[in-house]
Amino acid sequence: MGQGSGKGKVILFGEHFVVYGLPAVAAGIAAETTAEVTRTDTPGWTIEDLRPETPGYKVEKAEEQKASTDRVIRHLGLDLAKRGVHIKLGGNLVAASGIGASAANCVALARALNAEFQLDLTADQINEAAYEGEKGYHGTPSGIDNTASTFGGLIWYVRNPAGGVPVFEKLKLKKQVGLVIGSTGLTASTKKVVDDVAVKKSSDPRWFDSIAEEYKDLVREARESLLRIDLKKTGQLMNKNQEMLRSLTVSCPELETLIQEALRNGALGAKLTGTGRGGLMISLVPDKRTTEQVAGALQKAGAAAVWKTTFGQ
Ligand code: MEV
């Protein structure tokens with residue numbers, strides 16, 4: 001049996017902008033998806049998906065997961081025509097929009113196949129296989145999710161829109177920083193939301209370019225403020241990034257309620273994370289007391305789930 005795992009992630013700055021080659025910052029979280037691969041005497045592959053989930057997530061993503069699994073197997077050049085494999089997914093990462101569940105699925109699968117078929121792949125090659133798998137989930141992924149899921153930690157990521165190798169850099173902070181994550185319980189289609197942004201961009205390129213210019217300055221400031229552990233400034237920049245995401249129309253009332261609630265209860269900044277139009281929001285918290293205060297407030301405000309985590313080292 002071959003085993004592998006892939007980490008969950010949150011995007012701190014730059015979802016959607018990253019698709020167009022602008023830098024983004026993502027943080028791996030401790031929760032992960034695991035995969036076990038065993039050989040069978042029948043051709044093809046079967047899957048047993050035991051991941052915990054936001055209700056409805058796995059059914060909604062079943063077709064995409066199938067396309068993604070086929071892509072990873074094809075990319076790795078595995079011939080399952082005579083003897084196939086059974087794939088078992090598990091782990092403690094809750095499969096939900098915004099947490100990098102699809103990328104963690106792809107990375108865990110690539111690692112488990114690598115182990116079972118003794119492919120001797122490097123981490124970069126696992127990342128490439130997972131990127132292929134991500135295409136099954138959402139067409140034209142930027143690659144940030146699979147990179148964060150493969151390598152973990154805090155990353156600065158710049159896609160090469162021409163299709164070349166992306167640039168990514170690990171950032172290390174002097175101390176861990178607290179986040180409270182709230183789930184709307186809604187599953188979003190990344191493909192649809194990314195496509196909608198593309199339509200908006202092409203219908204008014206000057207409007208998009210002016211927001212993108214503003215975002216470019218913002219993300220550089222965010223990188224500096226994170227490295228200085230200037231949480232007040234980082235929080236303000238998260239709020240500003242959220243305003244930009246609102247104008248791209250990727251927020252929704254359920255996200256806004258949780259964001260406002262977090263800010264009212266002491267979060268230094270709050271924004272949606274990942275695709276938007278459902279999924280998750282993140283809030284930056286300066287200390288343990290605020291972490292508890294914000295987590296309680298999100299729960300009272302109707303969050304489908306609340307997680308407390310840290311990032312930075
Ligand atoms: C999804 O987690 C992040 C998006 O920017 C899409 C992508 O980067 O591929 C919305």
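Everything numeric in this text was worked out from a predicted model, so none of it was measured.

Calculation notes
Residues numbered from 1 in each chain as written. Predicted model: local features only at pLDDT ≥ 70, side-chain atom pairs only at ≥ 80, totals over all residues. Heavy atoms only, no water. Domains from an automatic or database assignment. Buried area = accessible area lost by both parts, 1.4 Å probe. Salt bridge = Lys/Arg side-chain N within 4 Å of Asp/Glu carboxyl O. Polar contact = N/O pair within 3.5 Å; in protein donor to acceptor, adjacent residues only side chain to side chain. Nonpolar A, V, L, I, M, F, W, Y, C, P; charged D, E, K, R; others polar. Pairing = 2+ DSSP bridges. Helix = DSSP H or I, 4+ residues; strand = E, 2+ residues; numbered from the N terminus. Axes fitted to C-alpha atoms, helices over the stretch in contact; angles between N-to-C directions. 1 Å grid on protein atoms, 1.4 Å probe; cavity = no way out; pocket = protein on both sides within 12 Å on 5 of 7 lines; lining within 4 Å. Points joined across faces, edges and corners; volume = space filled by probe spheres on them.

### Points about the domain arrangement of the protein chain
Now for step 1: Looking at the protein chain, the domain boundaries give domain 1 (2–171) and domain 2 (177–311).
Now for step 2: Look at where the C-alpha atoms of domain 1 and domain 2 centre, and you get two points 23 Å apart.
Now for step 3: Summing both partners gives a buried area of about 3,200 Å² for domain 1 against domain 2, and 72% of it is carried by carbon and sulfur.
Now for step 4: Linking domain 1 to domain 2 there are two salt bridges.
Now for step 5: Among the salt bridges present, the one from R223 reaches E169, with a minimum N-O distance of 2.8 Å.
Now for step 6: Scanning the region where domain 1 abuts domain 2 turns up 12 residue pairs in polar contact (both at pLDDT 80 or more).
Now for step 7: Split into classes, the residues belonging to the side of domain 1 that touches domain 2 amount to 18 nonpolar, seven polar and four charged.

### A closer look at the sheet that holds strand β8 (residues 269–273)
Now for step 1: Across the sheet, four strands lie side by side as β8-β9-β7-β10; this open sheet has antiparallel pairing. Unpaired on one side and paired on the other, β8 and β10 (305–311) mark the two borders of the sheet. Averaged over all pairs of adjacent strands, the angle between strand axes in this sheet comes to 25°, irrespective of strand direction.
Now for step 2: When β8 meets strand β9 (residues 280–285), the two strands line up antiparallel, connected through five bridges.

### Let's talk about the layout of surface pockets
Now for step 1: Looking at the largest pocket, its volume works out to about 340 Å³.
Now for step 2: As for the largest pocket, its lining consists of 16 residues, and the residues nearest its centre are E128, Y131, G164, V165 and P166.
Now for step 3: Among the elements of the structure, α4 (123–138) and α5 (144–151) are those that each provide at least two residues to the lining of the largest pocket.
Now for step 4: In terms of residue count, α4 provides more of the lining of the largest pocket than any other element does, four residues in total.
Now for step 5: Residue composition of the lining of the largest pocket, grouped by class: five nonpolar, eight polar and three charged.

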